[in-house]
Structure formats: structure tokens, C-alpha cells
Amino acid sequence: MTVRINPSILSADFANFESELQRVRSADLIHVDVMDNHFVPNLTFGLPMVQRLQQVTPKPLDVHLMIDDPERWAPGYAEAGAYSVTFHAEATGDSVGLARTLRGLGARAGIALKPGTAVDDYLEIITEFDQVLVMTVEPGFGGQSFIESTMPKLVALREAVSASGLDIWLQVDGGISEKTIGIAAEAGADTFVAGSSVFHAENPAAQISTLRDLASAHSHAH
Ligand code: DX5
Ligand code: ZN
């Protein structure tokens with residue numbers, strides 16, 4: 001199984017994004033946390049910033065929208081060239097319609113579930129998405145502790161993805177470090193967001209490689 005490590009620039013130096021992106025060139029995708037201070041109690045950046053990042057990033061962007069009204073805003077990120085656009089299940093009444101719109105614009109479409117959101121309703125419509133993001137912390141802030149009780153959702157999702165035979169990525173986000181990545185890989189995740197554990201490391205490239213090795217060692221292929 002292919003393992004992907006996606007550093008979250010929420011933990012990067014906001015005054016130096018271009019050089020921060022160079023520090024994580026060995027990543028698979030760059031995770032971009034968009035927060036609106038409504039869906040989550042924190043505010044980061046929006047479309048103009050992501051359009052600019054798209055011009056200088058050495059890697060495809062993996063945009064995580066923690067915003068209300070994703071129908072209004074998500075298509076703009078796909079139009080800007082984001083490789084993957086993930087919106088929250090809790091923020092929309094029409095996740096299938098929005099995913100189809102995003103795919104129509106050429107992006108991979110992702111759906112994110114907060115720790116308290118059950119996975120059951122999404123298992124039967126999993127083929128509508130290219131990625132399911134299981135939040136392993138409450139969305140809003142970097143540097144929080146991994147919530148292990150979310151792991152059964154990944155087990156159920158991995159089973160559904162295998163049955164589908166499709167290339168649907170299972171992403172975890174929040175509290176991923178060398179202590180927790182193996183647990184998430186064993187449960188079925190293949191795509192790992194890591195903010196503080198990568199950007200606060202002395203050597204982000206070495207940390208990415210450590211995380212990649214640990215995830216591979218614990219992944220389903222073994
Ligand atoms: C939290 C964000 C995460 C955050 C993860 O709401 O979605 O992407 O950057 O940060 P760490 O890896 O520090 O938990
Ligand atoms: Zn995120």
C-alpha cells in the first residue's frame with residue numbers, strides 16, 4: 001500500500017511559506033488548513049493565499065476546508081488548481097453533490113469526519129469520494145493529542161475501500177507523530193497529515209522519512 005506523508009503548513013512559519021515549503025520537498029502533498037472562525041474557533045487563510053501557494057509549491061496541495069458553506073467556497077480551490085479538496089461532512093447537506101462538482105473541476109474530492117461523526121452513512125457512498133479524512137483531533141488547532149477512539153472508523157473504511165477496488169485514500173489528521181502513526185496505519189490509514197511533528201522537528205526531511213518508514217512497517221501490505 002502506498003503511504004503518503006502530507007505536512008500541514010499550519011505549523012510552518014507563516015512569514016516564510018516559500019522557504020518552509022522547500023524544507024518539506026520530500027513530502028507527498030502539502031496539507032493546507034483553511035479555517036473560517038465559524039465552523040471551527042480559529043481563523044487561518046482563504047482562497048487568495050492558496051492561489052499564491054499554488055504558484056510556488058513544489059508539491060500538489062491537499063486543501064482541508066474547515067469552513068461553513070463549502071458549496072460556496074470549495075469549487076474555487078479546485079479552480080485554483082488544488083490537487084485535492086476536502087470539505088467537512090458536518091458542514092453540508094449534500095456531500096455527494098459537492099464531491100461531484102469538485103471532481104468535475106478536476107480535483108480529487110475528499111470528505112472529512114470530526115471525531116464525533118459516525119462513519120456508517122458514508123460507507124455506502126464511499127465511491128463518490130477520492131479521499132475520506134478521519135479527524136484524529138477536534139479540528140481547529142495544531143499540536144493536540146491523537147484520539148485513538150477514532151480508529152474503528154478507519155477499520156470500517158478500509159474494508160469498504162477494499163471492497164470497492166478503487167483508489168480511495170484514507171487520511172488521518174491530528175496528533176500524528178512517530179508515537180501514533182503506526183496505530184493509524186494498522187487501522188487502515190494510508191495518508192498521514194503531520195503538522196507540528198514535521199515543522200517543529202530540527203530536520204523535517206528526516207522526520208518525514210521516519211514517519212514514512214513507520215507507516216509502511218505497520219501498513220496493511222505487511
Ligand atoms: C487541525 C488541522 C490539522 C493540524 C494538525 O484542525 O486540521 O491539519 O495542522 O496538526 P498536528 O499534526 O500538530 O496535530
Ligand atoms: Zn487539516
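Residues numbered from 1 in each chain as written. Chains lettered and ligands numbered in written order. Predicted model: local features only at pLDDT ≥ 70, side-chain atom pairs only at ≥ 80, totals over all residues. Heavy atoms only, no water.

Caption draft 1: Molecular detail of the overall build of the protein. Broken down by element type, the protein carries 9 helices and 8 strands. Radius of gyration (C-alpha) of the protein: 16 Å, near the 17 Å computed for a compact globule of 222 residues. By its C-alpha atoms, the protein is 40 × 40 × 30 Å across when sized along the principal axes. Residue burial in the protein is summarised as follows: out of 222 residues, 56% are buried. (Helix = DSSP H or I, 4+ residues; strand = E, 2+ residues; numbered from the N terminus. Rg over C-alpha atoms; globule rule 2.2 N^0.38 Å. Buried < 20%, exposed > 50% of the residue type's maximum accessible area, 1.4 Å probe, protein only.)

Caption draft 2: Fine view of the pairing of strand β1 (residues 4-7). Alternating residues of β1 divide into R4 and N6 and I5 and P7, and every residue in both groups is buried. In terms of strand pairing, β1 meets strand β8 (residues 191-194) through 4 bridges, oriented parallel. Of the residues in β8, the one forming a bridge with P7 is A194. (Pairing = 2+ DSSP bridges.)

Caption draft 3: Representation of the environment of T210. The topology assignment puts T210 in helix α9 (residues 204-218). Residues T210 and S177, spaced 33 residues apart in sequence, show a C-alpha to C-alpha distance of 9.5 Å.

Caption draft 4: Fine view of the nonpolar core. Counting residues in hydrophobic clusters, the biggest one holds 61 residues, and the most contacted among them are I9, V32, V63, V85 and F192. The greatest single-element share of this core, amounting to 5 residues, is contributed by helix α6 (residues 151-164). Excluding residues within four positions of it along the chain, I9 makes contact with F14, F17, L21, I30, H31, V32, F45, L53 and F199. Core analysis: the next-biggest nonpolar cluster, separate from the first, contains 6 residues, L10, M35, V40 and M66 among them. (Core = buried A, V, L, I, M, F, W, Y, C linked by side-chain atoms within 4.5 Å. Contact = heavy atoms within 4.5 Å.)

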